[in-house]
Amino acid sequence: MIELRSLTKTYGEGQHATTVLDSLDLTVSPGEITAVVGPSGAGKSTLAACVTLLERPTSGAVLVGGRDLTALPEKDLREARRGIGTVFQADGLLTRRTAAQNVELPLKHLGVVPAQRRARVAELLERVGLADKAHRYPHELSGGQRQRVGIARALALRPSVLLSDEATSGLDPQATASIVALLKELRDDLQLAVLFITHEMDTVVAVADTVARLDHGRIVEHGALVDLLHTPSSPLGRALLPRRAHAGSIAEDGATGPATQRSVWVVSHAGHRVPADWLVRASRALGTDLELLGASLSTVAGVAVGHAVIGAPGHLDDDDVEAALIGLGLHAQREESDAAEQRAAARTLEQPLEVVA
Amino acid sequence: MSTHVLASPVLTATSTDLTWAEIPALVLPALGDTLVMVGVTMAIVVALGVPLGVSLDTLGPGGLTPRPVLHRVISAVVSVGRSLPFLILMAALVPFTRFVTGTNIGIPAAVVPMALAGTAFFSRIVENSLRSVPPSLVRVARASGASPLQVLTSVKLSEAVPSILGGLTINTIAMIEYSAIAGTIGAGGIGYVAVTYGYQRFDHNVMITTIVVLVALVAVVQALGDAAVRATTPHSRRRVPRQRRAGTSGATPSSSSPTVQTSASASPKELTDVHH
């Protein structure tokens, strides 16, 4: 369990002071992965540095297992840091040591006897699925494998908290998926509190239980991943499942043809109980076929999430259509004539979140 | 005859060069002197230069334990040692050398200025090697609770070993050059022979021999240094068998296709690894 209480970090003094973290509050419970997302310069790296106390926060507290790390002198801090395992973007493996020797190093620094070290290293490499690569050097491993060694090393001292600072950034999709799966396993098996700092939205959807959006040093949005995805008004939810262009947006400009007679609706899953055949059911309830113009649907943590753009024949009453859709647990909104502008606005809201750091 | 020549090289200067048969008796002992001079100097240089270089990096800004004032003092001292041309440093140090060794000629007298100049040189090389270790490695170690001393030994020095060995090679070769300069003030060694016979007596045979010996000596030191760097760098060490394998498979095209197949079958295995 890790708690950040009004964590503030300011660089410089007087007029030139820059506040990078602005009384930030965040709690990650055991067995939970909290993703912190945000554009470059939002304070993600500083947050990571402050959590491990590699940077001293200007004010506020970092509590790991109820113990305030910020109050500790440097010597005790070294010991306290051992309660937080850290995985960095660059795997940070020592090039002249094998995978096993890299994992062993924190144990060696702690003063664990060689026999126990060997046993623990074997166990850790087994845990991350690299038992057969123990004696390989980092350059002989793939990016994903190196990051697994990094995770094994982070777990060497049995931490209760795992800090992942852009751990999957720079990995190919396959390696990212494997690291995500490993982190979820570790969360469940070791009841780790995982603080997952990233700028990659796809990874967040795959890994996180809760998500916090960091902007200008503050957490501006925070909630369970599924809830965010079920809230159409949430900028974070929209950024996590970006809307795509749909057929309706092309036909709209045409003055003639069927497009003029149809109303376009943006529909999104607003709760857990949306039946998979909602489009058929809504069509049946309205007595006419609805058109599917575009959709992005998927399952997150066993719950269906996503959104779709549908077209309804122009003769239908807006209220009837809305009632039919809401009755199925969907959120529905008619796209007005200024829809293109709305979409553009939605895109600009997403953009700062999608900046590649 | 050759002993007579050695005893009073300048007085017996004639237009006659030494014969090729006479040269080894002159050059071999001189080579021995050079090796002793450089060897003793390098032992001192390593013993003093490593701690100095470590303190330059550790105490400097962004170091493990920054101490700006102390760092500035050490850095200034080292820079003074580095800034004087060796010939001038050697001449300036004569009183100090006599104080330490009791003499200002011969090998002991040469070792003192060489060791001083070499230590200043080597401490910068060590500092530079330590600075080149990626800060991310230091961050990882510190985040897992390593003390500054543990970071220094098991991360910084350990990662910098190949680089420091490469620097040691450069430094040793520079010391061979310095030993030749020291030869001009009567320190003995190859440099002394080159100056007294090759330069002052225009003995071309001796001059050519000393040049060949020096080139060979530097080549041997460089080869040894390169081997040491390779031996301490895992990714260069491993590359050798791999290239050989590629070479043999290229030579026999029939055996190259199984190699390709095994590497292709290895990657799906890694992909399945990915899922557990």
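These figures come from a predicted structure and were not determined experimentally.

1. Notes on the overall build of chain B
Check the secondary structure of chain B and you find 13 helices and zero strands. Listing every helix and strand of chain B by position from the N terminus yields α-α-α-α-α-α-α-α-α-α-α-α-α. Summing over all exposed atoms, chain B offers an accessible surface of approximately 14,300 Å²; the carbon and sulfur share of this is 71%.

2. Focus: helix H2 (residues 23–59) of chain B
Between the first and last C-alpha of H2(B) there are 52 Å, a value that for 37 residues agrees with the 54 Å anticipated at 1.5 Å per step. At Gly49(B), H2(B) shows its maximal kink, close to 30°; a proline, Pro51(B), follows between one and four residues later.

3. Considerations on the nonpolar core
Residues and elements named next belong to chain A. Residues Leu-125, Ile-151, Leu-162, Leu-183, Val-211 and Leu-240 are the most contacted members of the largest nonpolar core, which totals 53 residues. Per-element accounting of this core gives the leading share, six residues, to helix H6 (residues 173–190). Each of two domains, domain 1 (2–229) and domain 2 (240–252 + 260–348), supplies a minimum of three residues to this core. Apart from the residues lying within four places of it in its own chain, the contact partners of Val-211 are Ala-35, Val-37, Val-204, Glu-221, His-222, Gly-223, Leu-225, Leu-228, Leu-236 and Leu-240.

4. A look at helix H12 (residues 318–327) of chain A
All names here are of chain A. Residues Val-321, Ala-324 and Leu-325 constitute the buried set of H12. Burial along H12 is one-sided: seen end-on, the buried residues are contained in an arc of 95°. Of the exposed residues in H12, the ones pointing more than 90 degrees away from its buried face are Asp-319, Ala-323 and Gly-327. Phi turns positive one or two residues past the end of H12, at Gly-329, with a value near 85°.

5. Here we look at the UniProt feature "transmembrane region" (unreviewed entry) in chain B
Residue and element names in this part refer to chain B. Sites flagged by UniProt as "transmembrane region" (unreviewed entry) map to residues 37–57, 69–93, 105–126, 178–200 and 206–229. Between the C-alpha atoms that bound residues 37–57 there is a distance of 29 Å. The span itself is 100% helix and 0% strand. Helix makes up 100% of residues 206–229 and strand makes up 0%, while its end C-alpha atoms are separated by 34 Å.

6. Describing the domain arrangement of chain A
Residue and element names in this part refer to chain A. Domain assignment breaks chain A into domain 1 (2–229) and domain 2 (240–252 + 260–348). When each unit is reduced to the centre of its C-alpha atoms, the spacing between domain 1 and domain 2 is 39 Å. At the interface, seven residues of domain 1 touch eight residues of domain 2. In total, domain 1 and domain 2 occlude about 720 Å² of area from one another, counting both sides; carbon and sulfur atoms represent 82% of this.

7. Let's talk about the packing of helix H3 (residues 99–110) of chain A against helix H5 (residues 143–155) of chain A
Residues and elements named next belong to chain A. Relative orientation of the contacting elements H3 and H5 amounts to 25°, with a least axis distance of 8 Å. Put simply, H3 runs roughly parallel to H5. H3 and H5 meet at a crossing whose hand is right-handed. In this structure, H3 contributes Ala-99, Asn-102, Val-103 and Pro-106 to the contact, and H5 contributes Val-149, Ala-152 and Arg-153.

8. Structural notes on a nonpolar patch on the surface
Side chains of Val36(B), Val40(B), Ile44(B) and Leu48(B) sit close together on the surface and give an oily, nonpolar patch of about 290 Å² of accessible area. Examined against the element boundaries, Val40(B) turns out to sit in helix H2.

9. Section: the pattern of salt bridges
All names here are of chain A. This model, assessed by the stated rule, comprises 17 salt bridges over all chains. With its nearest N and O atoms 3.3 Å apart, the salt bridge here joins Lys-133 to Asp-132. Exposure remark for Lys-133: the relative accessible area of 10% places this residue in the buried category. Residues Asp-188 and Arg-187 are paired through a salt bridge, measuring 2.9 Å at the closest nitrogen-oxygen approach. Classification of Asp-188 as partly exposed rests on a relative accessible area of 43%.

10. Observations regarding the sheet that holds strand E10 (residues 218–224) of chain A
Residues and elements named next belong to chain A. Read across the open sheet, the six strands follow the order E6-E7-E8-E3-E9-E10; overall the sheet is mixed. On the outer flanks of this sheet lie strand E6 (84–88) and E10, each paired with one strand and no other. Direction aside, neighbouring strands of the sheet carry axes that sit 15° apart on average. Relative to strand E9 (residues 210–215), strand E3 (residues 32–37) runs parallel, the two being bridged by four bridges. Note that in E9 the partner of Val-36 across the bridge is Ala-212. Across the face of the sheet, helix H1 (residues 44–51) comes into contact with E3, E6, strand E7 (161–165), strand E8 (193–198) and E9 while running at roughly 150° to E8. Packed on one face of the sheet, H5 meets E6 and E7 and runs near 165° to E6.

What counts, and at which threshold
- Residues numbered from 1 in each chain as written.
- Chains lettered and ligands numbered in written order.
- Predicted model: local features only at pLDDT ≥ 70, side-chain atom pairs only at ≥ 80, totals over all residues.
- Heavy atoms only, no water.
- Helix = DSSP H or I, 4+ residues; strand = E, 2+ residues; numbered from the N terminus.
- Areas by Shrake-Rupley, 256 points an atom, 1.4 Å probe, with all protein chains shown as cover.
- Expected span 1.5 Å × (residues − 1).
- Bend = angle between axes of the 7 residues up to and from the residue.
- Core = buried A, V, L, I, M, F, W, Y, C linked by side-chain atoms within 4.5 Å.
- Buried < 20%, exposed > 50% of the residue type's maximum accessible area, 1.4 Å probe, protein only.
- Domains from an automatic or database assignment.
- Contact = heavy atoms within 4.5 Å.
- Arc of directions from axis to C-beta.
- UniProt positions renumbered as here; feature names shortened; annotations may be inferred.
- Buried area = accessible area lost by both parts, 1.4 Å probe.
- Axes fitted to C-alpha atoms, helices over the stretch in contact; angles between N-to-C directions.
- Parallel < 35°, antiparallel > 145°, perpendicular 65-115°, else oblique.
- Left-handed = near helix turned anticlockwise from the far one by under 90°.
- Patch = residues over 30% accessible without salt bridge, like charges linked within 9 Å, V, L, I, M, F, W, Y side chains within 5 Å.
- Salt bridge = Lys/Arg side-chain N within 4 Å of Asp/Glu carboxyl O.
- Pairing = 2+ DSSP bridges.

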